[in-house]
Amino acid sequence: MKLQGTAKVNEAGHLTIGGCDAVELVQKHGSPLYVMDETFLREKCKAYYDAFSASGAGEVIYASKAFMNMAMCRVIEQEGLGLDVVSGGELYTARRAGFPMEKVYFHGNNKTDSELKQAIEYGIGHIVVDNHYEMDRLNALAEQAGTTVNVLLRITPGIECHTHEFIRTGQIDSKFGFPLPTGQAMEAVKAVVSCSNLKYDGLHCHIGSQIFELESFRFAAEVMMNFIEEIQKQTGAVTTVLNLGGGFGIRYTEADEPADINDYARTVLSTVQSEAEKRNLTVPRVVVEPGRSIAGPVGTTLYTVGSVKEIHGVRKYVAVDGGMNDNPRPALYGSRYEAMLANKATEANEEVVSITGKCCESGDMLIWDVSLPKVKSGDILAVSSTGAYNYTMSMNYNRIGRPAVVFVRDGQSAVVVERESYDDLIRNDRIPPYLQR
Ligand SMILES: Cc1ncc(COP(=O)(O)O)c(C=O)c1O
Ligand SMILES: N[C@@H](CCCC[NH3+])C(=O)O
């Protein structure tokens, strides 16, 4: 496993993150445990801020679907980033954390009326309109509330990029947005500019996630700038915001080679700038929505090894006290992760084993064929790059409670999400009167 951020190995031969010994973290907070390296997290935010926002040309809004809780909202706010939310729940969390609502963008392909009302009531910065049904509802709700809502339109530009099929969202056969190549996107712009209570600020597109080729982002920016010119010609509407979504890839294993955030910023900002000059357009403010590339590398999950089972001549299964419940990505997408034994960080790898979870499901595999030192029950396994789309996609299958989340920094650990207890698991259960004893 590659050590990232503040991760080191101490004299005891243990993995440390944020100056905290991983073995002691498990003793103190229990296992499994999501550990977020706060210093590294802030570095990621700063890198984005410096690359996009410092010049005034861009704006970075963190995609909270990757990893969200109230403490995370505080860090994002302190680092000067905005927030992308995609549900009433994410919006509520941001609000309860006191996040500035004018810096929030609300996404989603099927926002409910109550979510739209909530967004209007909170006075959020922008709603990214996905479809005509939403546009009509939002306009009516804004009118009822006696207000005007700033909107972007979500466009599907028709770009296919190299990533897993299920996380590719820019292609035209997609549930998201108004398709550009079919002419429906232009119809949507014409419709929105005639809505009395919606203010058209600009466009949004998101071409997918875990993307490494900067060329895909450059191409998306070019296609969108071409569309912006068409909009101006056909409607006279000026596009002041161009949100190019998230999607910047990260390193999970040595097979992944992410680009540099500064190169990413240069690519999109310079494309937008030069396309605007070429077409004689006002340069729109470029918004990006990174999720994975802010939270992903920052997280490590610690597990305790339980049963170690060797199927002679076939495979050695190392079972940990978590699994697909806290990280469904390997089961969903076939995602690969790296791991190490946090309590044997200086020992040489000796065997190839497969890491399985504790769920009643054969597909509950975390890592197939990983090299580790000799593994024993009681060892602490660390899996890296689990900060994004792990906690937020976790589940209670088999009535397994979600692990706690801690922020670590300068030798201190702070719980930011408590471990779910058995009582948490039955909190919403009700026994109706006819079943009462
Ligand atoms: C609209 C939108 N914005 C931003 C993101 C964040 O993407 P990523 O985590 O790949 O940066 C996503 C998720 O893919 C998304 O759907
Ligand atoms: N949840 C996905 C990415 C989808 C992002 C949301 N548009 C993942 O874990 O990789």
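On a predicted model such as this, the values are computed, not experimentally measured, just so you know. (Residues numbered from 1 in each chain as written. Chains lettered and ligands numbered in written order. Predicted model: local features only at pLDDT ≥ 70, side-chain atom pairs only at ≥ 80, totals over all residues.)

Novice: Just give me the short version of the site of ligand 1, but keep the residues and values in it.
Specialist: Around ligand 1, the structure places 16 residues, and the nearest of them are Ala63, Ser209, Gly246, Gly291 and Arg292. Residue composition of the shell around ligand 1, by class: four nonpolar, nine polar and three charged. (Near = placed C-beta within 6 Å. Nonpolar A, V, L, I, M, F, W, Y, C, P; charged D, E, K, R; others polar.)

Novice: So, the sheet that holds strand β3 (residues 20-21): which residues are in play, and what are the values?
Specialist: Pairing is antiparallel across the open sheet formed by three strands, whose spatial order is β1-β2-β3. At either margin of the open sheet sits one strand with a lone partner, and together these are β1 (8-9) and β3. The pairing of strand β2 (residues 15-17) with β3 spans two bridges and is classified as antiparallel. Along β3, the bridge assignment pairs Thr16 with Asp21. (Pairing = 2+ DSSP bridges. Helix = DSSP H or I, 4+ residues; strand = E, 2+ residues; numbered from the N terminus.)

Novice: Outline the UniProt feature "binding site: substrate" (unreviewed entry) in the chain, listing residues and values.
Specialist: The feature "binding site: substrate" (unreviewed entry), as given by UniProt, occupies Arg292, Arg329, Tyr333, Glu361 and Tyr389 in the numbering adopted here. For the annotated residues, spread through 98 residues, the largest C-alpha to C-alpha distance comes to 26.9 Å, inconsistent with a single compact locus. Not counting residues up to four positions away in its chain, the partners in contact with Arg292 are Ala66, Ser209, Gln210, Ile250, Ala388 and Tyr389. With respect to the element layout, Tyr333 can be found in helix α11 (residues 329-333). In this structure Tyr333 comes out as partly exposed when scored by C-beta crowding, with 15 C-beta atoms within 10 Å. (UniProt positions renumbered as here; feature names shortened; annotations may be inferred. Contact = placed C-beta atoms within 7 Å. Buried ≥ 20, exposed ≤ 12 C-beta atoms within 10 Å, placed from the backbone.)

Novice: Residue-level account of the environment of Thr392, with values.
Specialist: Structurally, the position occupied by Thr392 is in the loop between β19 (380-384) and β20 (404-409). A tally of 15 C-beta atoms within 10 Å means that Thr392 is categorised as partly exposed. Sequence separation of Thr392 and Asn327 is 65 residues, and the distance between their C-alpha atoms is 9.2 Å. Leaving out residues up to four positions away in the same chain, Thr392 has contacts with Lys65, Ala66, Phe67 and Met68.

Novice: Quick one: what's the story with the nonpolar core, residue by residue and with numbers?
Specialist: Within the largest apolar cluster, 120 residues are counted, with the highest numbers of intra-cluster contacts made by Ala339, Ala342, Leu381 and Ala382. The element best represented in this core is helix α8 (residues 214-235), accounting for nine residues. Mapped onto the domain boundaries, this core takes at least three residues apiece from domain 1 (8-30 + 298-426) and domain 2 (38-294). Beyond its immediate chain neighbours, meaning those up to four positions away, Ala382 contacts Met1, Leu15, Ala22, Thr300, Leu302, Ala339, Met340 and Ala342. (Core = buried A, V, L, I, M, F, W, Y, C linked by C-beta atoms within 7 Å. Domains from an automatic or database assignment.)

Novice: Outline the pairing of strand β15 (residues 315-320), supporting the account with residue identities and numerical values.
Specialist: Successive residues of a regular strand alternate their side chains across the two faces of the sheet. Across five bridges, the pairing between strand β14 (residues 299-311) and β15 is antiparallel. For Val308, the partnering residue across the bridge sits in β15 and is Val318. Here β14 hands over to β15 after three residues, with Gly313 in that stretch at a positive phi of 75°.

Novice: With reference to specific residues and values, describe the domain arrangement of the chain.
Specialist: Per the domain assignment, the segments of the chain are domain 1 (8-30 + 298-426) and domain 2 (38-294). Between domain 1 and domain 2, the C-alpha centre-to-centre distance is 33 Å. In this assembly, 19 residues from domain 1 lie in contact with 19 residues from domain 2. Listing elements by their share of the side of domain 1 that touches domain 2, those giving two or more residues are β20 and β21 (412-417). Element by element, the count of residues in the side of domain 1 that touches domain 2 is highest for β20, at four residues.

Novice: If you had to explain the packing of helix α4 (residues 88-96) against helix α5 (residues 113-122) to someone new, which residues and values would you point to?
Specialist: At a minimum axis distance of 10 Å, the contact between α4 and α5 shows a crossing angle of 25°. The orientation of α4 with respect to α5, classified from their angle, is roughly parallel. Considering how the two elements wind past one another, α4 and α5 form a crossing that is left-handed. Taken together, the residues of α5 that come into contact with α4 (itself represented by Gly88, Leu91 and Arg95) are Ser114, Glu115, Gln118, Ala119 and Tyr122. Residue composition of the contact of α4 with α5, by class: three nonpolar, three polar and two charged. (Axes fitted to C-alpha atoms, helices over the stretch in contact; angles between N-to-C directions. Parallel < 35°, antiparallel > 145°, perpendicular 65-115°, else oblique. Left-handed = near helix turned anticlockwise from the far one by under 90°.)

Novice: So what about the UniProt feature "binding site: pyridoxal 5'-phosphate" (unreviewed entry) in the chain? Which residues, and what values?
Specialist: With numbering aligned to this structure, UniProt lists the feature "binding site: pyridoxal 5'-phosphate" (unreviewed entry) at Gly247, Glu289, Pro290, Gly291, Arg292 and Tyr389. Turning to its location among the elements, Gly247 is positioned in the loop between β12 (241-243) and α9 (261-279). When sequence neighbours within four positions are dropped, the list of residues in contact with Gly247 reads His206, Ile207, Gly208, Ser209 and Ile211. By the element assignment, Pro290 lies in the loop between β13 (285-288) and α10 (292-295). Not counting residues up to four positions away in its chain, the partners in contact with Pro290 are Tyr48, Val60, Tyr62, Ala63, Gly246 and Phe248.

Novice: Which residues make up the packing of helix α2 (residues 38-53) against α9, and what values do they have?
Specialist: Orientation of α2 relative to α9, taken along the N-to-C sense of each, is 25°, at an axis distance of 9 Å. The angle between α2 and α9 places the two elements in the roughly parallel class. At the point where α2 passes α9, the crossing takes the right-handed sense. Contacts between α2 and α9 pair Ala47, Tyr48, Ala51 and Phe52 from the former with Ile261, Asn262 and Ala265 from the latter. In the contact of α2 with α9, the residues fall into six nonpolar, one polar and no charged.

Novice: Residue-level account of the environment of Gln4, with values.
Specialist: Within the secondary structure layout, Gln4 lies in the segment before β1. On the basis of neighbour counts, which here come to 18 C-beta atoms within 10 Å, the residue Gln4 falls in the partly exposed class. For the pair Gln4 and Tyr200, spaced 196 residues apart in sequence, the C-alpha to C-alpha distance is 42 Å. Contacts of Gln4, omitting those with residues within four sequence positions, involve Phe40, Pro297 and Ser384.

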